[in-house]
Amino acid sequence: MTMRALTFRQYGCPARVLGLTELARPEPGPGQVRVRVSARPVNPSDLLYVQGRYGREAPFSLRPDASSGDGGRAVAGFEGAGTVDALGPGTKGPAPGTRVAVSATGTWQEHVCVPAGSVIPLADGVPAEAACQFTVNPFTAVLLVREVALGAGDTLLLTAGASAVSRMTVHLAGERGIRCLPVVGRPEQARALERSGAEPVLADSPDALAGKVRDLTGRHRVDAVLDAVGGDPGGAALRCLRPGGRFLSYGMLSGRPLPVSPDDLVFRQVSVRGFWLPTALERLDERELARLTRKVEEAVVRGLPGLEVAGRYDLADYRSALAHTRRPGRRGKVVLTG
């Protein structure tokens, strides 16, 4: 039996190198479950992976059980949601029929086999299109708030302020009394963030950022920065830090290097660190991961923002989905269904 998958043979522009392929449906091994995937978000990390700019190499080879004879392909996608439809030998996991969120490499296909511990059973009423976004952005936001280690009254600056991760982080940090300054480029984005209790910084260029932040904070600079962009926008955010402030880089949306001056490191004693979700999760033991998962689930139940859906496209219509992700002002995630 075969299934559909979005695969690529080489790195490059996703719209050019991705293609819809028929692969053999995988069979779960010991300790694994097979998930019939019904929804998958299009995340920046997915696109970076296809472009060869992510911290994980594509295998460019099919599984041994594939029967198409068309080797040298990798499957895109890192998260999704669906239904368990088979258990491997000796597996004690969610029973077939259980709705789950799944974290794995290669979710842009109709079936995926993963360790039983890699799926999260879903509460009744959670739609698949929200559940498929469960394992990356919400976990990232919860851990980012933990990593910056700010308290009530401290000030946090966020680049890509209208992104899903930023909106989630603003929500979680605001619950702790942290003052959040998300950077946005459009008035409508600023208005939406104001309704969430944030103080958006409307800056249409990196050069304008420092002045805008100074207007909001007076002579006090920000205590920490969360940067998803890099390049000149990230460098401008770095210059807004107070002496001894913390800069956490977790994305590279600009595709440009982050300019860091030795003066910032030596004289202003600013700390600059990177954050990558897979590495952060690997540091957690089983008990810590279970606590984190419960915290994320509770945040989602309380109404965590950033899980909206901007558009739905079948796997076969992936080019339209990719084009939608590039639309200016898009609010919500583009989801691949089917």
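Note: the structure precedes this text.
Keep in mind the model is a prediction, meaning the values are calculated, not measured. (Residues numbered from 1 in each chain as written. Predicted model: local features only at pLDDT ≥ 70, side-chain atom pairs only at ≥ 80, totals over all residues. Heavy atoms only, no water.)

*Asks:* Mind showing me how you'd approach a nonpolar patch on the surface here?
*Replies:* On the surface, Val260, Leu265, Val266, Phe267 and Val272 cluster together into a nonpolar patch covering about 440 Å² of accessible area. Inspection of the secondary structure assignment puts Leu265 in helix α9 (residues 262–266). Relative accessible area serves as the criterion here: at 39%, Leu265 is assigned to the partly exposed category. (Patch = residues over 30% accessible without salt bridge, like charges linked within 9 Å, V, L, I, M, F, W, Y side chains within 5 Å. Areas by Shrake-Rupley, 256 points an atom, 1.4 Å probe, with all protein chains shown as cover. Salt bridge = Lys/Arg side-chain N within 4 Å of Asp/Glu carboxyl O. Helix = DSSP H or I, 4+ residues; strand = E, 2+ residues; numbered from the N terminus. Buried < 20%, exposed > 50% of the residue type's maximum accessible area, 1.4 Å probe, protein only.)

*Asks:* Which parts of the structure should I look at to understand the pairing of strand β1 (residues 2–8)?
*Replies:* Looking down a regular strand, the side chains alternate between one sheet face and the other. A large share of β1 lies buried, amounting to 6 of its 7 residues. Sheet topology note: the β1/strand β2 (residues 19–24) ladder contains 6 bridges and is antiparallel. The residue bridging Thr2 from the neighbouring strand is Ala24, located in β2. Where β1 lies against strand β4 (residues 74–75), 2 bridges are found, and the strand directions are antiparallel. By the bridge assignment for β4, Thr7 is matched with Val75. (Pairing = 2+ DSSP bridges.)

*Asks:* What exactly am I supposed to notice about the packing of aromatic side chains here?
*Replies:* Any aromatic ring pair is given by two values, namely how distant the centres are and how the planes are angled relative to each other. Under the definition given, this model contains 6 aromatic pairs. Summarising the aromatic geometry, the rings of Phe8 and Tyr49 are spaced 5.7 Å apart at their centres and angled 85 degrees between planes, so their arrangement reads as edge-to-face. Placement of the pair is Phe8 in strand β1 and Tyr49 in helix α2 (residues 44–51), with a sequence separation of 41 residues. Here Phe8 and Tyr49 have matching classes, each one buried. Here the aromatic cluster, defined as three or more aromatic residues joined through ring pairs, consists of Phe8, Tyr11, Tyr49, Tyr54, Phe78 and Trp276. Sitting over the ring of Phe78, Arg56 keeps its end group 5.1 Å from the ring centre. (Phe/Tyr/Trp six-rings, centres within 6.5 Å; stacked < 30°, edge-to-face > 60°. Lys NZ or Arg CZ within 6 Å of the ring centre and 35° of its normal.)

*Asks:* Can you walk me through the pairing of strand β7 (residues 111–115) in this structure?
*Replies:* Counting buried positions over the 5 residues of β7 gives 4, a clear majority of the element. Inspection of the sheet shows strand β3 (residues 32–41) paired to β7 by 5 bridges, in the antiparallel sense. Of the residues in β7, the one forming a bridge with Arg34 is Cys113.

*Asks:* Is there a simple way to explain the nonpolar core in this structure?
*Replies:* Counting 45 residues, the largest nonpolar core has Leu156, Leu226 and Phe275 as its most contacted members. Elements with a contribution of two residues or more to this core: α4 (137–148), β9 (155–158), α5 (164–175), β10 (179–184), α6 (187–194), β12 (222–227), α10 (277–282) and α11 (286–301). Among the elements that make up this core, the one with the highest residue count is α4 (7 residues). Setting aside anything within four residues of it in sequence, one finds Leu156 in contact with Val148, Leu150, Thr169, Ala173, Ile178, Arg179, Cys180, Leu181, Ala224, Val225 and Leu226. Membership of the second largest hydrophobic core comes to 22 residues, among which are Tyr49, Val50, Ala76 and Tyr313. (Core = buried A, V, L, I, M, F, W, Y, C linked by side-chain atoms within 4.5 Å. Contact = heavy atoms within 4.5 Å.)

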